[in-house]
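Breakdown of the fold
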Amino acid sequence: MKRVIIDCDPGNGVVGANVDDGLALALAIGSPGISLEMITIVAGNTPSQTGFNVAKALLARLELDVPVYKGADRALAEPPQPWREALDNRVWHTQLAHFWQNVRPPRAYQAPDEEAADAMGRLICANPGKITLVAIGPLTNVALALERYPQMAEAVQEIAIMGGVFALDDFIKDTNFGLDPEAARRVLTCGACITLVPMDVTTRTMLTHVDLQRITAPDTPLARFIGETLRPWLDYSMQTRRLPGCWIHDALVVAWLIDQRVATATDYYVDVELRPGMTRGKSWRYRLPLRVDTAVGELTGGLAHVLQTVDNARLLVMLEQALAG
């Protein structure tokens with residue numbers, strides 16, 4: 001049994017928001033090899049309060065008692081306004097909000113007083129070598145936790161991250177690293193055991209309407225939640241990205257923890273660009289440690305186990321099994 005904290009920015013039921021975080025949560029909840037011990041929320045795909053409401057709504061529908069903590073409302077340094085404009089309003093600019101017309105939004109919940117960074121740092125440090133941290137949003141909460149609990153880098157069993165893009169046409173940076181580059185660098189170079197799942201591999205995943213119908217066929221609360229909230233995003237993705245379905249980025253991170261036959265991986269040293277300009281937030285990978293003096297300081301890559309290929313059919317089977325309970 002793998003004990004897991006999931007740090008995420010879910011958007012299930014929110015007009016225009018990606019739903020892969022919710023799918024990752026569902027996979028963790030429905031998999032007997034995962035003990036989901038805590039959910040922490042960061043601003044990213046959705047504002048942190050919105051993500052908190054989504055996670056609480058999911059747990060309420062499943063009648064599960066998993067602690068949820070709201071975390072950072074903004075990045076360590078990156079201005080939030082341009083990102084929030086794009087993430088929150090693109091669906092209205094494209095006039096595709098009607099895809100969500102039959103989806104019930106999550107209701108508002110009161111967040112606990114303790115911050116996500118403190119909650120995750122406290123749990124990890126109290127259980128050295130026992131907790132895996134799954135970070136599938138911007139890394140702000142994780143960076144703050146490492147700052148407040150320096151021993152966390154050694155105490156955490158593994159940090160499994162969805163983030164970065166290296167050699168993918170049409171993408172200079174991804175949202176998770178681009179929204180908070182300073183946090184991404186701080187986590188990647190903290191010295192913890194890190195698995196990185198970049199967009200280069202997650203864009204090789206695919207979920208179609210036929211797949212969705214099959215994996216949500218069981219009449220379980222988990223399957224109903226995913227079927228209801230994922231369908232509009234799938235339609236939106238097909239319309240805006242011209243794909244046959246949608247990518248399921250974050251689900252691959254949890255799937256790798258359960259069964260490493262779902263992907264292949266290679267070790268790299270990884271870093272993130274911090275200099276101002278279009279490439280700020282862009283990720284880089286190297287076979288050897290990078291130590292280059294620049295006008296803005298020293299860039300130092302951190303070692304990570306980077307996923308490279310994915311068995312999409314196996315991933316879908318894992319999701320189907322999880323949603324069946």
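Before reading on, note that the structure itself is shown above.
For clarity, every value in this text was computed on a predicted model and none was experimentally measured.

**Description of the pattern of salt bridges**
The tally for this structure, following the rule as stated, stands at 19 salt bridges. Notably, a salt bridge pairs Asp271 with Arg185, separated by 3.1 Å at the nearest N-O pair. Of this pair, Asp271 sits in strand 7 (residues 263-272) while Arg185 sits in helix 8 (residues 181-188), and the two are 86 residues apart along the sequence. The exposure classification of Asp271 matches that of Arg185, with both residues buried. The partner of Arg314 in a salt bridge is Asp311, and the shortest N-O contact between them spans 3.7 Å.

**A few points about the sheet that holds strand 5 (residues 158-162)**
Within the open sheet, the nine strands sit side by side as 3-2-1-4-5-6-11-7-8. Their pairing is mixed. Only two strands of the sheet have a single neighbouring strand rather than two, namely strand 3 (68-70) and strand 8 (283-286). Strand-to-strand twist of the sheet, defined as the mean angle between neighbouring strand axes without regard to direction, takes the value 30°. Pairing of strand 6 (residues 194-197) with strand 11 (residues 302-310), which is carried by two bridges, proceeds in the parallel orientation. Note that in strand 11 the partner of Thr195 across the bridge is His305. Its contacts with the sheet put helix 2 (residues 48-62) on strand 2 (34-41) and strand 3, and the angle it makes with strand 3 is roughly 170°. Here helix 12 (residues 249-258) sits on the sheet and contacts strand 1 (2-8), strand 2, strand 4 (131-135), strand 5, strand 6, strand 7 and strand 11; the angle it forms with strand 5, its principal contact strand, is near 150°.

**Quick notes on the pairing of strand 5**
Most of strand 5 is tucked away: five of the five residues are buried. Because side chains alternate across strand 5, one face comprises the buried residues Glu158, Ala160 and Met162, and the other comprises Ile159 and Ile161, equally buried. Strand direction decides the pairing type here: strand 4 and strand 5, joined by four bridges, are parallel. Residue pairing across strands places Val134 opposite Ala160, the latter belonging to strand 5.

Thresholds applied
- Residues numbered from 1 in each chain as written.
- Predicted model: local features only at pLDDT ≥ 70, side-chain atom pairs only at ≥ 80, totals over all residues.
- Heavy atoms only, no water.
- Salt bridge = Lys/Arg side-chain N within 4 Å of Asp/Glu carboxyl O.
- Helix = DSSP H or I, 4+ residues; strand = E, 2+ residues; numbered from the N terminus.
- Buried < 20%, exposed > 50% of the residue type's maximum accessible area, 1.4 Å probe, protein only.
- Pairing = 2+ DSSP bridges.
- Axes fitted to C-alpha atoms, helices over the stretch in contact; angles between N-to-C directions.
- Contact = heavy atoms within 4.5 Å.

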